[in-house]
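# Breakdown of the fold
Residue strings, one per chain:
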Amino acid sequence: MTRLRLRSLVGYGMTVEMRTVEIKRPYRLRGRAHGEFDGEGLWKLEAEGATTRVRYLWSVDLKRPWMRVVTPLAARLFRWNHRGVMRAGGEGLARHLGVRLLAATSR
C-alpha cells in the first residue's frame, strides 16, 4: 500500500492510499485507491516504435461533499485541473525514469 498526496492546480489537495491489485508485465498495472476518493486506476503500456505509450485511466467516486455539489457547475474547471495534475504526474514519472515525456493527457 502506498500513500499518495496529490496537489491540484487550484489550491486543494487530496490524500489516498493506493494498493496494487493486478500486474500483467509488461502491459498492464491496476490499483485501487481509498481515501478522499475511492476507485480504480489502470495503467496500460504498449510499445510504439522506440518509445512506450502509457495510458492511465481513472474511475473514482469523490468523497468530498463540496466537490459533488459543485461538479455540475465546475466540471470544466475540474477537467482542466485534472489534466494539469496528470501532466505533472507524467513529468514526475519521466524524471524518475530518466526519460523524456513526449505527450500530454488526451482529454
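The structure contained in this document is the topic of the report that follows. (Residues numbered from 1 in each chain as written. Predicted model: local features only at pLDDT ≥ 70, side-chain atom pairs only at ≥ 80, totals over all residues. Heavy atoms only, no water.)

## Here's the deal with the overall build of the chain
When helices and strands are tallied, the chain shows one helix and five strands. The linear arrangement of helices and strands in the chain, starting from the amino end, is β-β-β-β-β-α. Along the three orthogonal principal directions, the C-alpha set of the chain runs to about 45 × 25 × 20 Å. For the chain, the proportion of its 107 residues judged to be buried stands at 21%. A fraction of 24% describes how many contacts in the chain between residues 6 or more apart in sequence connect residues 24 or more apart. Of note, the chain has its 22 positive side-chain charges centred 4 Å away from the centre of its 9 negative side-chain charges. (Helix = DSSP H or I, 4+ residues; strand = E, 2+ residues; numbered from the N terminus. Buried < 20%, exposed > 50% of the residue type's maximum accessible area, 1.4 Å probe, protein only. Contact = heavy atoms within 4.5 Å. Lys, Arg positive; Asp, Glu negative; His and termini not counted. Charge placed at Lys NZ, Arg CZ, Asp CG, Glu CD.)

## Describing the pairing of strand β3 (residues 28-35)
Of the strand pairs in this sheet, strand β2 (residues 13-24) and β3 are connected by eight bridges, and their pairing is antiparallel. Across the sheet, threonine 20 pairs through a bridge with glycine 31, a residue of β3. Linking two consecutive strands that pair antiparallel, namely β2 and β3, is a turn of three residues. Counting the residues in the hairpin turn of β3 and strand β4 (residues 37-48) gives one residue. (Pairing = 2+ DSSP bridges.)

## A closer look at the pattern of salt bridges
Summed over all chains, the structure comprises 14 salt bridges. Notably, a salt bridge pairs aspartate 38 with lysine 63, separated by 3.3 Å at the nearest N-O pair. With aspartate 38 in strand β4 and lysine 63 in the loop between β5 (51-62) and α1 (65-97), this residue pair connects regions lying 25 residues apart in the sequence. Among the ionic contacts, a cluster of salt bridges with common partners joins Glu22, Lys24, Arg28, Arg30, Arg32 and Glu40. (Salt bridge = Lys/Arg side-chain N within 4 Å of Asp/Glu carboxyl O.)

## As for the pairing of β5
Bridging between β4 and β5 involves 12 bridges; their strand directions are antiparallel. By the bridge assignment, leucine 45 is partnered in β5 with valine 54.

## Digging into the sheet that holds β5
Strand order in this open sheet of five strands is β1-β2-β3-β4-β5, and the pairing throughout is antiparallel. Only two strands of the sheet have a single partner each, and these edge strands are β1 (2-7) and β5. With direction set aside, neighbouring strand axes in the sheet form an average angle of 30°. Contacts from α1 reach β1, β2 and β5, with the element oriented near 160° to β5. (Axes fitted to C-alpha atoms, helices over the stretch in contact; angles between N-to-C directions.)

## A look at the side chain of arginine 64
Looking at where arginine 64 falls in the secondary structure, it is placed in the loop between β5 and α1. Given a relative accessible area of 19%, arginine 64 falls into the buried group. Engagement of the side chain of arginine 64 in a polar contact is seen with the backbone oxygen of glycine 13, the distance being 2.6 Å. Every residue in contact with arginine 64, bar those within four places of it in the chain, is listed here: Tyr12, Gly13, Met14 and Glu36. (Polar contact = N/O pair within 3.5 Å; in protein donor to acceptor, adjacent residues only side chain to side chain.)

In short, shape yes, function no, at least from these values alone.
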